[in-house]
Each structure stands twice: as structure tokens, then as C-alpha cells.
Amino acid sequence: MTEILGFWVAAVVLVAASLAVVLTPNLFHAVLWLAVALVATGGVFLLLDSPFLFAAQLLLYAGGVVTIVVFAIMLTERLVGESIRQTSRFVFNGAALSAAVFVGILGFVLQAGAVARPAAAADQLRDLGRALVGPFAFPLQLIGVLLVIALLGALYFARTED
Amino acid sequence: MRLGSPELAVLVLFLPFVSFLLIALIRPLRRSGRPAAAVSILAMAAALLTACLMWQHAIDAPRGTNPSVLWSWLPADGGPMASVGVWVDEMAMQMCMLVTLVSLLVQIYSWSYLADEPPPSLGRYYAYHSLFAFSMLGLVLAPGFLQMFIFWELVGLCSYLLIGYWYDRPSAAQAAVKAFWITKLGDLGFVAGIAMLWGSTGTFDFATLFQAAGAGTLEVAGLGTIMFLIYLGAVGKSAQFPLHIWLPDAMEGPTPVSALIHAATMVTAGVYMVARAYPLFALVPSVLTLVAWVGAFTALLAATMACVERDIKRVLAYSTISQLGYMMAANGAGSPDAAFEHLTAHGVFKALLFLGAGIVIHHFHTNDVFRMGGLFVQRPWVGGAFVVATLALAGVWPLPGFFSKEAVLAAVLHGRLTLPFVMLMATAFLTAFYMFRVVFLAFFGHAHHPHEHHAPPLAMDLVCRALAVLTLVLGLRALFAGHHAEAPAWLPWLSLAAAAAGIALAWATYQRHALDPARLSAALAPLAFLARRRYFIDAIFAAAYRGVLLGLSRVIGWVDRYLVDGVVNALSAAALRAGDQLRRLQTGHPQDYVYGVALGVLLLLVWAQLR
Amino acid sequence: MPLSAYLELAAVVFAIGLFGVLTRRNAVGILLGIELMLNAVNINLVAFSRFRADLTGVVFTLFTIAITVAEVAVGLAIVIVIFRVRRTIEADHLDLLRG
């Protein structure tokens, strides 16, 4: 029962926040609405018995990404000297195409039959840890490399010309 | 029938070819002049000797044996597509002897006649002569239409090269091109006829064709058209009306060349071809009748034009056209033997006439007969030789021209061709008239301008004397060989009378001055007018050429510019336009590209659903 | 809630994110749309992982989050550089790749 209620709350918040992200004229407000959406997503993770992911989501996304985007907006906005207006173009085309894609995906979702929910894992965190250093050790290292490269790339791009 | 040895025939053929290769390829030899001439003359003498040997050692064979020896040239499944070889019957052997003899004599004559030429030009001249001898012999010995055609074209090429020997003279260059063009017109018909014949029968070879023709098994649709087309080749090469206009202009070449090519050998190739292919022509009597009529008409037409000519070489050219008409008339009347007899006799005395004219021109330094006179007194031997040849041409007994002309007239009469017969008799009268006009004007009468008494060069003199002796010998041989059975008794007397009348008229007009030539031509004013302007045939040809060819080229140019280029241009313009339109897809806005990606994803989803 | 509910939720968020990518004028706005799409993908992965008792989905989600963080960092760095050079980050004005 609680699960159903929790789902609907999270779902409504998520969808509303997403709509706000794409429709708000003010970019700064959009970023804030994105933060709300990301928290709602974390709630969904919690409902799916992944507390670790909920924490990771809050830390990385709602914390890190939102901060970066805010900084970027402030940097670009300040240099221009005014808040950037958002007037979307060809709204109807975009809405139509998005709706079409949604319907397409929905078609596949509805075709699948009902799937029973299996029993929850006892200790997801331990299993996750074991998986990361076990079968998924190699991708983990690659992710590390990727992060280093991304850091270097971002540094290089953002450097001031001397 | 007598058959010659194929090996000797090949030797005769290749001796002048080797001489040509040596002179053409070894540059120092050619540029040295006299040594090249020596090589060519030696090769020609050897070829003559071989030809005579071939005649001596000919073997008798029963009628109907295949006289040809073939080697496969273009192999194909089911027999070779084309063969080369030699066909060595009596006519071919006699023709070989004639060609090699006249070539040799002309080449010796040229040694003196062209003594002033720079050595490289002389080398070039003798190279052409060797090539011509090779081509003519190849034509004569051809066992099939394909080989004959190849050598036919080669001979035409040599004619072009030799007429235009003095290529820096515009008139000579134009005359060479004209000769080539007009004979090419006839050759178009020739090659079309040969191709159609091959298409129907699958073979070029004479042996196969004649055998089928003789047995009556030759099943060819439109044989009349085919043989007419083949005859067109002879019309061009042997200067029949209306393709005779190139021969008078061909006199721009050196006189020995005129003697060899345009009197004795090349122009007779057409007559030879018709005589050779007679078994096929015999199947289409309508074409033969046409051949006879055209021949007779050409003879008369050319004779009228010769009567008003001042240039001695032009007179001889028209005379050649006229005599070629005689030969063709004999072919058409059904007697290729008579045609061939006249061909060989004419070859000898016409060559003598041309070479003698060369001496005359050399002496007077002009071609115009009205500026000559009194040469007989100064040079009796030259005059004597010339008069002998003229009597032979006029058909006076006992010279070879009389017998051969009688044979031609007898054949025409036998073929019941009345009007051609009348035309040929009239031509005989005119021939005697205009030839003796030349004789009286050039050799008798008063010398207009006093000239130095230097003797003609030895080579030229000796050659003329040799030819004169040969003419007399041929006449005696014909005399003792007996008359033809078909000739009616009154025929020889009639032809003699015509000749005598012509000689008398010429004597009265130009020697005795009893008749005024001006009043004579006034009496025949319209004819004289037309004859002087060559009956406007040249003008008609030029206008037709300009009209047809240039008009056609304009049409083709239009098609090329607007249709062919138009298609290509339209295609490229379409490609450019399409490209321009397509580049609008590249807006540079990433969002538009995302649109594309999203559309693609949509399509994928739809496709996955439908599977 | 059945699996399909979570999948439908993810599809809705994905479509909304796509709409944002297609219609926002500002480059940063486009990046926000991309964030939403990635989030929807994550929800999908976790949902499948839960309903099939397979941990692979969760691990994948972790990796996706890491990659997304890296992508945002580099992307925004590029946006800043473009802004320095061209003095604008409006998508309509950034058409140097125009053919």
C-alpha cells in the first residue's frame, strides 16, 4: 500500500518537475526544477529497493551536476549582463515527435505481460561491492580512467589563454 | 587454261615491297636519292624477270580448276573468316608482266626526267613507286574481294601520294585530294557491295563464288544491287561518267606518274575488276547493259572534251578516259577478253604517248600545244615514236590499237547494243581527229619560238624507243594471231574509214589550214561551249559536296551541341541542383540533427513492432 | 506496482527530456534535457534489475551516473569556451557546421 502511494507521489513530482525544466523561460529556475526532478528520481530508486543508488543520486546528481550547471549559467549569464530568455522554437514539432517516441516505447511496454516481483535481496550493498571488484572490475577501472580524462579535458577547455 | 606458279607470284609481289621497305625505313638510303632509285629499279627489273619466268613455266590445267592458293588470315570456327593468297591465271600473269614492265620503264624514265629534284624528294618518289607496284600487283593477284579491296585502297593512296608529289604546289595538292575524294565515292559503293555479298554468301573468295555462279547455286537476294554497288568502285577508279572528273586534274603529277598510274595500270584496275568478277556480273545482265552504256557514253563525252583542250597532258587524260570507256563497254557487252586485250594494248601505247609528251614538254618548256611546232624535223626519232603511238590509238592497221578496238566493237555489236556502237564509232572518229590535231600542232608546222638543240636525255629517249618497238611487236603478234570469228566483214573497213576521216579532218584543219578551226567550233557552238566548260560536271560536284556535306555537318553539329551535350549538361545541372537542395539538410544546428536521430529511432520502433 | 508502471514513468520522463532537447534555444537548456533523458534511462535500468533479481542493472546505473557526470563537466567546459569565442550560446547562432 505504502509502496503504491509512494510511487504515485514520486511519479507526480518527477513528471511535474521535468515539465517545469523544459518549459520554464528562466534558465536558472529550470536548473532548480531539475534538482527537484533528480531528488524525485532518487525516491523512485528507493522504492525499487536500492538505497545505495538513492544516496549516489543525491550526492552526484543533485549535488554535483546541479552545482556545475549553476556555475556555468552564472558564468555565461554574467558575461552577457542579463538573464537569458528562453523562447523555444518549433514547439509543436518537438511535442509531436516526443509524443510519437513515447507512444512507440509504450507500445513495447504494453506488449510485455505482467512480471511478478521477486523477493528483495538481503544486503544489496555487499553484493554490489562484490560485483564491482569481481566481474565488473575492468569497467570500474575504465570509468576511473574516463573520469580522469574528463577532468583533464574540462581543465584544458576552461583554461585562460595566456 | 594456264596456271602460274604461286611461289613465283608471291616473289613478284614481294620484290617491290621489299624495295619499298628498304627505301622507306632506311633513312640515309632514302635521303640519298639516286641509290634509292637504283634499288627500286633493280627490284622492278627482278620482278619483271620473275613475271616472265612465271609466264614461261605456266602449266596447262583443265578448265574449272581453282587457280587460287589461299592462306588463312583471320581464323574462326568453321573456316577462316578471311584469307589472303594469289590467283594466278592467264589474265593475272599478263597483267603482272604489263605492270612490272611499264613500272620498270617509267622508273628508268624518271631517273632522267626528275634529275633536277633534290635527293630526299627523289628517294620519296621511288619509295612511292615501289609501294605502288606492290599494291597494283597485289590487286591483280588477289584471289578474293577482301584482298582486292585492301590493295584497291592502297593503290588509291599511292595515287594520292604521287599526284601530290610536288605538294607545295596548291594545284597539285588540290588535285590529289580531289582524286582521292572522287575515287572514295566509288569505293563506298564497292565496300558496301562486298559486305553485302559476304553477308549473303559468307565468303570473299573468287573460287567459291565463281564455282557457285557457274553451277547456278548462288542464292543471293538483290544480286543486281550488289553487283551494281561493286561496279561503282570501278566507276570511280576507272573514271567512268560521272566520276571521271578527277583524272584530268591528276595531270598535276609528274608526267611519268601519269604514264604509269593514269594510263596503264591504276585506272585499269576497275576494268580488271569487272573482267575478273565477270562470272558474277554475267548473272545480272541488266547491270552489264548499264556498264556498256555508261562506258560508251563516257568514251564519247571525253572525246568531245579532248577536242577543245590546249594542254597536251589533258588531251591525253581525256583520251585515257575515252579508252577506258571502250574497255568497259566491251565488259558490259559480254566480252571481258576483248576488254582485257584493249587494256594491255592501250597500256603500252598510252604509256608511250605520255612519256613522249614528257619529252615534248621538256623540249618546249610548255604544255600548250598552240605554242609548239616543228619538233619532227629536229627530233625525228621522238616524233616517229609518238606518231606510231598515235596511229595505234587511232586504230590504224596493223598496230595493236586496231585489233583491240575491232574486238571491242565486235563484242558490242554481238551484244546487240546499237546506240553504244554508234557512240563508239563516233568516238573512234573523234579520237583520230584530236590526237592528230596534237601531232600536227606539236610536231609539224612552224616552230613558234626557236629553241636550243639539246637532245633529250638518254634514258627518256631509250624508253620511248623501247615502247615504240613493243607497240609494233604487239601489233604484228595480233596480226598473226588471227581475227575474231564474230566480227562482221564490214567492221574493220568501217573503223579504218572512221580513223582515216578523223586524220584527214585534222590534217585539213591544222596542217593545211584549209578549214578554220574557229569556224569549225562556231558550227558546233553549243557543244564546244559545254565541252570547254567540261559540261559543268565539276561545278555540280562541288555544289553537291558543299550542300550535302556542309549541310549534314551543320545538322550533326546541332545534334551534338543540343542533344548530346544537352543531355550531359542537363544531367550535370540536375546533379548540381540536387546537391544544392540536399545541402539544406546541413543547417549546422545540432537540434535539427537530433530531430533526425529521433525520427530514425521512431522508424526503428515502428519497424520492430511490425516484425 | 508492476514493472510496466516504472517503465511507463521512465518513458514519460524520456519523452519530456527529448522535447526539451528539441525545443530549448540555450545550449545549457539542451544539456538539461539530456540530463532528464539519462535519468529516465537509469530508472529503466534499476526497474529491470529489481524485477529480474539481477544486480547488473544497478551496476550499470552506477556507471551511467559516473559517465553522465563526466559528460556534463566536459560539455559545460565546451559551452564556456564557445561563449568566450562567439559571445553567444544560443543554439540558433552556433551554425558553423552549416553545409
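Residues numbered from 1 in each chain as written. Chains lettered and ligands numbered in written order. Predicted model: local features only at pLDDT ≥ 70, side-chain atom pairs only at ≥ 80, totals over all residues.

A. Here's a closer look at the overall build of chain C. Within chain C one finds three helices and zero strands. Out of the 99 residues belonging to chain C, those deemed buried represent 56%. Sequence separation of at least 24 residues holds for 43% of the intrachain contacts in chain C that already meet a minimum separation of 6. (Helix = DSSP H or I, 4+ residues; strand = E, 2+ residues; numbered from the N terminus. Buried ≥ 20, exposed ≤ 12 C-beta atoms within 10 Å, placed from the backbone. Contact = placed C-beta atoms within 7 Å.)

B. Broad picture of the confidence of the model for chain A. Looking at chain A as a whole, its pLDDT mean stands at 85, while 88% of the residues score no less than 70. Confidence, expressed as mean pLDDT per element, reaches its minimum in chain A at helix H3 (residues 51-80) of chain A with 85 and its maximum at helix H2 (residues 27-47) of chain A with 93. (pLDDT = per-residue confidence, 0-100.)

C. Molecular detail of the packing of helix H9 (residues 223-237) of chain B against helix H12 (residues 268-276) of chain B. Residue and element names in this part refer to chain B. For the pair H9 and H12, the least separation of the axes is 7 Å and the interaxial angle reads 155°. Taken as axis vectors, H9 and H12 run roughly antiparallel relative to one another. Along this stretch, H9 crosses H12, giving a crossing that reads as left-handed. Each of Tyr231, Gly233, Ala234 and Lys237 in H9 lies in contact with H12, whose residues at this interface are Ala269, Gly270, Val271, Met273 and Val274. (Axes fitted to C-alpha atoms, helices over the stretch in contact; angles between N-to-C directions. Parallel < 35°, antiparallel > 145°, perpendicular 65-115°, else oblique. Left-handed = near helix turned anticlockwise from the far one by under 90°.)

D. Layout of the packing of helix H4 (residues 91-111) of chain A against helix H1 (residues 3-23) of chain C. For the pair H4(A) and H1(C), interaxial distance at closest approach is 9 Å and the crossing angle is 160°. By the angle between their axes, H4(A) is roughly antiparallel relative to H1(C). Pair H4(A) / H1(C) crosses with right-handed handedness. Side by side, H4(A) and H1(C) meet where A:Val91, A:Gly94, A:Ala95, A:Leu97, A:Ser98, A:Ala99, A:Val101, A:Phe102, A:Ile105, A:Leu106 and A:Val109 of the first sit next to C:Ser4, C:Leu7, C:Glu8, C:Ala11, C:Val12, C:Ala15, C:Leu18, C:Phe19, C:Leu22 and C:Thr23 of the second. For the contact of H4(A) with H1(C), a count of residues per class yields 16 nonpolar, four polar and one charged. (Nonpolar A, V, L, I, M, F, W, Y, C, P; charged D, E, K, R; others polar.)

E. Helix H19 (residues 400-414) of chain B, seen in detail. For H19(B), which comprises 15 residues, the first-to-last C-alpha distance of 21 Å matches the rise-based estimate of 21 Å (1.5 Å per residue) to within 8%. Phi turns positive, to about 60°, at B:Arg416, one or two residues after H19(B). (Expected span 1.5 Å × (residues − 1).)

F. Quick look at the interface of chain B and chain C. In this assembly, 10 residues from chain B lie in contact with 10 residues from chain C. Class assignment for the residues of the side of chain B that touches chain C results in four nonpolar, five polar and one charged.

G. Here's a closer look at the interface of chain C and chain A. Taken together, the contact pairs 58 residues of chain C with 71 residues of chain A. Mapped onto the side of chain C that touches chain A, the elements with two or more residues apiece are H1, helix H2 (27-51) and helix H3 (56-86) of chain C. Split into classes, the residues belonging to the side of chain C that touches chain A amount to 43 nonpolar, 10 polar and five charged.

H. Up close: helix H15 (residues 312-333) of chain B. Residue and element names in this part refer to chain B. In this model H15 runs 32 Å from its N-terminal to its C-terminal C-alpha over 22 residues, within 8% of the 32 Å that 1.5 Å per residue would give. Counting buried residues in H15 gives 21 out of 22 residues, a clear majority hidden from the surface. Phi turns positive one or two residues past the end of H15, at Gly334, with a value near 110°.

I. Quick peek at unusual backbone geometry. All names here are of chain B. A cis geometry characterises the amide bond from Phe241 onward to Pro242, with omega recorded as -5°. If you trace the backbone, Pro242 turns up in the loop between H9 and helix H10 (246-249). Of note in this structure, Ala239 is not a glycine but carries a positive phi near 55°. Tracing the backbone through its elements, the reader meets Ala239 in the loop between H9 and H10. Judged by local crowding, Ala239 falls into the buried class, with 32 C-beta atoms found within 10 Å.

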